[in-house]
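Coordinates in review
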Amino acid sequence: IALANSPVIMEARNLAIAARGRALQASLYPNPTMGHASPQLAGNQSQYNAYVIQDLVTKNKIGLDTAAAERAAIAAEFALVRARFEVLTMVRQRFDTGRAMQERIVVLERMVNIAQTALDVGQRLLKAEVGTRGDVLLLQFELSKSEADLKNFHALAETSRRQLSAATGLLN
């Protein structure tokens with residue numbers, strides 16, 4: 001999906017195609033130029049002329065230009081391969097980050113459940129006059145801290161999902 005939709009790869013592919021086109025053009029003999037002019041318009045004494053210009057290429061300049069353009073095309077193709085690897089690496093990193101976030105959310109949900117259970121036990125112990133108010137306050141603090149961490153990681157997971165969508169080129 002990322003290879004088909006990434007603007008980075010599309011740009012590199014277009015640059016490689018353009019470089020191949022320039023290499024082809026460099027291998028061709030230059031086209032003749034034709035034109036016309038009328039330097040003087042004076043009724044029946046007007047002057048008109050036409051011309052044909054052809055560049056004469058000597059000393060294997062076409063071969064040298066072709067070789068230089070071919071090297072530039074090869075460099076553009078290597079840049080396309082590099083762009084592919086960079087995009088795939090970025091997608092893999094974003095995917096792994098997203099998976100780690102999801103696993104962390106599962107762990108934090110368990111921690112919230114454990115903290116809630118511990119708070120319930122602490123409140124029952126306080127009612128039975130076995131526990132202390134300090135224990136209950138500490139358990140309430142741990143529960144609120146776990147809930148805040150869970151909320152933060154939900155936001156981070158959403159950000160990670162959006163970054164993965166951007167890396168694949170599918171923004172929705």
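Higher on the page you've got the structure.
Right, let's walk through the structure included here. Predicted model only: the values in this text are computed from it and were never measured. (Residues numbered from 1 in each chain as written. Predicted model: local features only at pLDDT ≥ 70, side-chain atom pairs only at ≥ 80, totals over all residues. Heavy atoms only, no water.)

Description of the overall build of the chain
Check the secondary structure of the chain and you find four helices and two strands. Traced from its N-terminal end to its C-terminal end, the chain shows the element sequence α-α-β-β-α-α. In summary, the chain has a C-alpha radius of gyration of 36 Å against a globular reference of 16 Å for 172 residues, an excess of more than 25%. In terms of overall dimensions, the chain has C-alpha extents of about 120 × 45 × 20 Å along its principal axes. Taking contacts inside the chain between residues at least 6 apart in sequence as the whole, the part at least 24 apart equals 67%. For the chain, the computed accessible surface area is about 12,600 Å², with 59% contributed by carbon and sulfur atoms. Distance between charge centroids for the chain: 6 Å, based on 20 positive and 16 negative side chains. (Helix = DSSP H or I, 4+ residues; strand = E, 2+ residues; numbered from the N terminus. Rg over C-alpha atoms; globule rule 2.2 N^0.38 Å. Contact = heavy atoms within 4.5 Å. Areas by Shrake-Rupley, 256 points an atom, 1.4 Å probe, with all protein chains shown as cover. Lys, Arg positive; Asp, Glu negative; His and termini not counted. Charge placed at Lys NZ, Arg CZ, Asp CG, Glu CD.)

Overview of the pattern of salt bridges
Think of it this way: side chains of opposite charge can pair up when their charged atoms draw near. A full pass over the atoms with the stated rule returns six salt bridges. Arg99 serves as the salt-bridge partner of Glu103, at 3.8 Å between the closest nitrogen and oxygen. In this pair, Glu103 and Arg99 both sit in helix 3 (residues 61–127), four residues apart, roughly one turn of the helix. A relative accessible area of 46% means that Glu103 is categorised as partly exposed. Glu158 is paired through a salt bridge with Arg161; the nearest N and O atoms lie 2.8 Å apart. Taken together, the positions of Glu158 and Arg161, both in helix 4 (residues 133–168) and three residues apart, correspond to about one turn of that helix. Classification of Glu158 by relative accessible area gives partly exposed; the value is 31%. The network of salt bridges with shared partners includes Arg20, Glu70 and Glu77. (Salt bridge = Lys/Arg side-chain N within 4 Å of Asp/Glu carboxyl O. Buried < 20%, exposed > 50% of the residue type's maximum accessible area, 1.4 Å probe, protein only.)

What about the packing of helix 2 (residues 7–26) against helix 3?
Two numbers describe how helix 2 lies on helix 3: the axes approach to 8 Å, and their chain directions differ by 170°. Classified by the interaxial angle, the pair formed by helix 2 and helix 3 is roughly antiparallel. Here the contact of helix 2 with helix 3 is composed, by residue class, of 18 nonpolar, one polar and seven charged. (Axes fitted to C-alpha atoms, helices over the stretch in contact; angles between N-to-C directions. Parallel < 35°, antiparallel > 145°, perpendicular 65-115°, else oblique. Nonpolar A, V, L, I, M, F, W, Y, C, P; charged D, E, K, R; others polar.)

Describing helix 2
Counted at 1.5 Å a residue, the expected span for helix 2 with its 20 residues is 28 Å, and the 28 Å between its end C-alpha atoms agrees. Within helix 2, the full set of buried residues consists of Ile9, Ala12, Ala16, Ala19, Ala23 and Ala26. Down the axis of helix 2, the sector holding all buried residues measures 110°, keeping them to one side. Opposite the packed face of helix 2, turned more than 90 degrees from it, sit the exposed residues Pro7, Glu11, Ile17, Arg22, Leu24 and Gln25. Those residues of helix 2 that are buried lie in contact with helix 1 (2–5) and helix 3. (Expected span 1.5 Å × (residues − 1). Arc of directions from axis to C-beta.)

Details of the side chain of Thr168
Inspection of the secondary structure assignment puts Thr168 in helix 4. Polar side-chain contacts of Thr168 include one of 2.9 Å to the backbone oxygen of Ser165. Not counting residues up to four positions away in its chain, the partners in contact with Thr168 are Ile1, Ala2, Asn5, Ser6 and Val91. (Polar contact = N/O pair within 3.5 Å; in protein donor to acceptor, adjacent residues only side chain to side chain.)

Concerning the packing of helix 3 against helix 4
Their axes nearest at 8 Å, the elements helix 3 and helix 4 cross at an angle of 160°. Between helix 3 and helix 4, the angle falls in the class roughly antiparallel. The two elements helix 3 and helix 4 cross, and the hand of that crossing is left-handed. Looking at side-chain class alone, the contact of helix 3 with helix 4 contains 22 nonpolar, 11 polar and seven charged residues. (Left-handed = near helix turned anticlockwise from the far one by under 90°.)

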